[in-house]
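# A structural walkthrough
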Amino acid sequence: MWDYTDKVKEHFLNPRNVGDIADADAVGEVGSLACGDALKLFIKLDDNKERIVDAKFQTFGCGSAIASSSALTEMIKGKTLDEALGVTNQEIADFLGGLPEEKMHCSVMGQEALEVAIAKYRGGPLPVHHDHGHDQEQEGEIVCKCFGLTDGFLKKVIAQNRLHTAEQVTHFTKAGGACGGCIPKIKELIAEVLGEQKQDAPKRPEKLTNLRKMQLIQEVLENEIRPQLWSDGGDLELIDIAGATVQIAFRKACAGCASSGYTAKFVEQKLRDLVSDDIVVEEVQQ
Amino acid sequence: MKEIYLDNNATTKVDEAVFEEMRPYFCELYGNPSSMHFFGGQVQKKVDEARSRVAALLGADPSEIIFTACGTESDNTAIRSAIEVFPNRRHIITTRVEHPAVLTLCRNLTKHGYRVTELNVDGAGRLDLDELRKVVDEDTAIVSIMYANNETGVVFPIEEIGQIVKEKGALFHTDAVQAVGKIPLNMASSTIDMLALSGHKLHAPKGIGALYLRKGVPFRPFMVGGHQEKSRRAGTEATSSVIALGKACELAGQHLDDENTRVKGMRDRLERELMAIIPASRINGGGAERLPNTLSIAFEFVEGEAILLLLSEKGICASSGSACTSGSLEPSHVLRAMGVPFTCAHGSIRFSLSRFTTDEEINAVIKELPPIIQRLREISPFGRELLKKQ
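Residues numbered from 1 in each chain as written. Chains lettered and ligands numbered in written order. Predicted model: local features only at pLDDT ≥ 70, side-chain atom pairs only at ≥ 80, totals over all residues. Heavy atoms only, no water.

Scanning chain B from terminus to terminus reveals 14 helices and 13 strands. Since a compact globule built from 390 residues should have a radius of gyration of about 21 Å, the 22 Å found for chain B is in line with a globular shape. Projected onto its principal axes, the C-alpha positions of chain B cover 75 × 50 × 35 Å. Taken over 390 residues, chain B has a buried fraction of 60%. Of the contacts formed within chain B by residues at least 6 apart in sequence, a portion of 72% connects residues at least 24 apart. (Helix = DSSP H or I, 4+ residues; strand = E, 2+ residues; numbered from the N terminus. Rg over C-alpha atoms; globule rule 2.2 N^0.38 Å. Buried < 20%, exposed > 50% of the residue type's maximum accessible area, 1.4 Å probe, protein only. Contact = heavy atoms within 4.5 Å.)

Glancing now at the overall build of chain A. Assigned secondary structure in chain A consists of 10 helices and eight strands. Across chain A, every contact between residues at least 6 apart in sequence was considered, and the portion connecting residues at least 24 apart equals 56%. Counting only carbon and sulfur atoms, one obtains 48% of the accessible surface of chain A, whose full area is about 13,100 Å². (Areas by Shrake-Rupley, 256 points an atom, 1.4 Å probe, with all protein chains shown as cover.)

Another point: the UniProt feature "domain: NIF system FeS cluster assembly NifU N-terminal" (unreviewed entry) in chain A. This chain's UniProt record puts "domain: NIF system FeS cluster assembly NifU N-terminal" (unreviewed entry) on residues 4-123 of chain A. Counting secondary structure, residues 4-123 of chain A comes out at 44% helix and 21% strand; the distance between its end C-alpha atoms is 38 Å. (UniProt positions renumbered as here; feature names shortened; annotations may be inferred.)

Here the focus is the side chain of Thr239(B). All names here are of chain B. Mapped onto the fold, threonine 239 is located in helix H9 (residues 239-277). Exposure remark for threonine 239: the relative accessible area of 11% places this residue in the buried category. Residues contacting threonine 239, with those up to four places away along its chain left out, are Tyr25, Pro33, Val43 and Val47.

All names here are of chain B. One non-glycine residue, histidine 203, adopts positive backbone phi at about 75°. Note that histidine 203 resides in the loop between strand S7 (194-198) and strand S8 (209-213). Even without a glycine there, the phi angle at glutamate 229 is positive, about 50°. Along the chain, the position of glutamate 229 falls in helix H8 (residues 228-231).

Counting 85 residues, the largest nonpolar core has Ile43(A), Ile76(A), Phe299(B), Ile307(B), Phe351(B) and Leu369(B) as the members making the most contacts within it. Here the element with the most residues in this core is helix H5 (residues 104-122) of chain A; it accounts for nine residues. Not counting chain neighbours up to four residues away, the residues in contact with Ile43(A) comprise Ile21(A), Ala24(A), Asp25(A), Ala26(A), Ile52(A), Asp54(A), Ile76(A), Leu114(A) and Ala117(A). Counting 68 residues, the second largest nonpolar core, distinct from the first, contains Tyr147(B), Ala179(B), Ala337(B) and Val340(B). (Core = buried A, V, L, I, M, F, W, Y, C linked by side-chain atoms within 4.5 Å.)

Turning our eyes to something else, we now look at the interface of chain A and chain B. With 35 residues of chain A in contact, the opposing surface of chain B contributes 27 residues. Between chain A and chain B the total buried area reaches about 2,400 Å² when both faces are included, carbon and sulfur atoms providing 69% of it. One can count two salt bridges joining chain A with chain B. For the pair chain A and chain B, the number of links is six residue pairs in polar contact (both at pLDDT 80 or more). Here the side of chain A that touches chain B takes four residues from strand S3 (residues 52-60) of chain A, the largest share from any one element. For the side of chain A that touches chain B, the residue count by class is 17 nonpolar, 13 polar and five charged. (Buried area = accessible area lost by both parts, 1.4 Å probe. Salt bridge = Lys/Arg side-chain N within 4 Å of Asp/Glu carboxyl O. Polar contact = N/O pair within 3.5 Å; in protein donor to acceptor, adjacent residues only side chain to side chain. Nonpolar A, V, L, I, M, F, W, Y, C, P; charged D, E, K, R; others polar.)

On to the pattern of salt bridges, then. Applying the stated rule across the entire model yields 45 salt bridges over all chains. The residue Glu115(A) makes a salt bridge to Lys156(A) at a minimum N-O spacing of 3.2 Å. Within this pair, whereas Glu115(A) is found in helix H5, its partner Lys156(A) is found in helix H6 (residues 151-161), the two being separated by 41 residues in sequence. Given the relative accessible area of 29%, Lys156(A) is considered partly exposed. One salt bridge connects Lys264(B) with Asp268(B), and the closest N-O pair in it is separated by 3.0 Å. Highlighted residues: Lys264(B) and Asp268(B), both in helix H9, separated by four residues, approximately one helical turn. The network of salt bridges with common partners includes Glu21(B), Lys46(B), Glu49(B), Arg53(B), Lys247(B) and Glu250(B).

All names here are of chain A. The strand order across the open sheet built from three strands is S6-S7-S8, with neighbouring strands paired in mixed fashion. Both edges of this open sheet fall to strand S6 (234-242) and strand S8 (280-283), since each of them pairs with a single strand only. For this sheet, the mean inter-axis angle between neighbouring strands, taken without regard to orientation, is 30°. Packing of helix H9 (residues 210-230) onto the sheet brings it into contact with S6 and strand S7 (245-252), and relative to S6 it is tilted by some 165°. Those strands touched by helix H10 (residues 260-274) are S6, S7 and S8, and its axis lies near 150° from that of S8. (Pairing = 2+ DSSP bridges. Axes fitted to C-alpha atoms, helices over the stretch in contact; angles between N-to-C directions.)

So, on to the pairing of S7(A). The side chains of a regular strand alternate between the sheet's two faces. Residues and elements named next belong to chain A. As paired strands, S6 and S7 are joined by eight bridges and run antiparallel to one another. In the strand pairing of S7, isoleucine 241 is matched with valine 246. With antiparallel pairing between neighbouring strands as the criterion, S6 and S7 make up a hairpin whose turn holds two residues, including glycine 243 at a positive phi of roughly 60°. As defined by bridge partners, S7 adjoins S8 across four bridges and the pair is classed as parallel. Directly across from valine 246, in S8, lies its bridge partner valine 281.

What follows covers the sheet that holds strand S12 (residues 319-320) of chain B. Residue and element names in this part refer to chain B. With antiparallel pairing, four strands are arranged side by side in an open sheet as S9-S10-S13-S12. Unpaired on one side and paired on the other, strand S9 (281-283) and S12 mark the two borders of the sheet. Pairing of S9 with strand S10 (residues 294-299), which is carried by three bridges, proceeds in the antiparallel orientation. Paired with isoleucine 283 across the two strands is isoleucine 297, which belongs to S10.

All names here are of chain B. In terms of burial, strand S5 (residues 140-144) is a largely internal element, five of the five residues being buried. Pairing between strand S3 (residues 91-95) and S5: three bridges, direction parallel. Counted as the bridge partner of isoleucine 93 is valine 143 from S5. Pairing between S5 and strand S6 (residues 171-175): three bridges, direction parallel. The residue of S6 that forms the bridge with serine 144 is histidine 173.

Structure below.
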C-alpha cells in the first residue's frame, strides 16, 4: 500500500479545479493511455495576458497523479507565466507534503503539462519531454523505448532532482520501469550529469600498493561490473592483471557479442573511475 | 466502517476452527515431532494427521505430501529438483502468465545456461496446446504450468497438458496455489508429478505450504540438513502451521460444493450487474473456464489504483492489475500477455471471493463501484470523451 500524506489524500478525494475552460488561453496535454497516466491542463489569463487567473485539469491516472494535478492548478493561479514556469516538480510534491519516490513521475507530469501549455501559448518550440507529448517533435536520442523517453529529458530530470541511481530515475520518469533494457544507459546518463555537476566524484584511493590495486580491481569486477552483465545474460572472467593491464574474457551472452568492444570500454572506464586512471582493459579469447 | 474483503486470491482470513486447532501447539503441546519422547510423539501424530488431511483434499497418498514454508518454496523446490534430476536436459517450459514464484526462477535460470520457453496465451487467457506440442522435446527437464491464474482465475487444461509432457519424458509441475480448495483435484488419476499449494490461500496461516510429490518421481531436496520430511525438506516442521494447514484442507474439502455453487453464484451476480451498469467494461478471461471465486474486470479510461483507493474509502478491499499498485510501471504481465488493450489493462480490478463472502457485501460493491467509475471518468480526459458520446 502506498503511503500517501493526508494532503495527497485530500487532493485526490476532493480534487480542486477539475474540468475545462472553454475559452482557455493555453492548453497543455501530456501522457497517454499506454503510459497509464495523462494530464490535460487549461489556463486562463487576465485581460493583460500576464497572470493566470484560472486553471483547470483533466487527469487519467492514479491517486497521486490526480492529487499532483490538483496541486498544480492551485499553485499556479495568480502567477505570471514566467513565475508559473518556475514551478518545479519538487515544489508540486512539497505542496502535497511529499510523494512516495515511486510516484514522483506524477509531479513531473504536472510540470511538463505546464511547460507545454505555455510554449503553445507563446508559439515557441514545444518542450521535449517523452511520449507524454502527443504532438511534439521528438528530439534527442530515445533511451527508454518502452516509454519513449529521450536522453535530453532524462538528463534534465536527473539534474533538477539530483538523482543518483537508476531506480530513482525510474521513479521520477518511468524510464527503465518496464523491460529494464535501458538501465545501463540511464546509469551512463547519471554519470554524465554528475560529472557535469562535478558532484560525487568517484571515490578512488589516492595511493595503492600493487596488492591492494589487484584486490580492488577484483572487487569492482565482482560487485560493480559482473552484476550488470548478468542482467543481460552475459558475464566475464578475470584472466590476469599485469601492472595496469587487466585481461578479461567475456562469457555467455557477452562472448561473441557484436558490442563486446563497447562493453570492454565500459569495464575499462569503470575500473579507471574506481581504481586507477592508468588501467587498460584487454579482451582475450580463452 | 466494516471492511468488505474481496481480495482472497492475495490472502485469506484464518478460519477460526483452523486457529482453534493450531492454538494448543504453541504454548502447551510444543514438542519437537522428531523427539523420541512422548511429548514430541503426540505432536508427530498430529502432524501425520495433517499430512493425511492435505493428501485427502488432493486425492493423494500422505507419503506424497512434503510440508514447506509457502507456495514459492514448493515451486522452487519442484523446478530446482527437476533440473538436478536431469542434468543433461537444459530446457524448461512455462507460461508468460505464471506467478513470479515460477517465472522469476525460470528467467534467472536462463543466466545459468537453461533454455526457457514461455508459452503464450490468447485473448481469453487460454494456452495454445499446439505450441506446447511443438516445443516440448527430449531436452525438456520440466514443464511448469499453473493450474489456475491468480489474476483472471482462468483454469488451464492440466491433464491434457500432462499427457503431452509425459510423451517426452519430462517432469510436470503445476503451481496450484489458487486452485486447491476451489476446484476438485485428484492426484491418483492425474498426470501431475509435482504440485504446489499454499496455506494462506485457503484459510490457513501465512508461512505454510506443501509440495505434492508423486511416488516414484525422482527428487532432490532444496533444503538439506536434518532428516525431517523423510529427508526431502530439512528443518523442524512449523508444527502449529502444519496442523492448521491440515484442518484448512479438511474444511476446504467440505466446502468445495459451496465454493462452486453459492460462491460462484455471488461472483456471477457481481459480474453480471457490474457489466450491466458500467459501460465500456469487460471481463478479463471471460471466454475461458475460470475459478468460481475470481472476477477480473476492466474499466476503460480510468486507472486501477485510483479505483482501489476510492473503493478503500468505502471499506471495500480488492486488487488491481494496474502498474501503479505493483511497484512496476507496466500493467500486469498477465493482462499484457492476453493482449488486453492498454485502455483496459490500466483499469483492471480483481475481486476474489471466499466462503465467508456474503450477499450483502456483493450488494455493497454493486452499489458503490459504478459511481466511483463515473467520477473518475469525469476527471479523466479520455473518460470524459466516452461520457460525451453516451
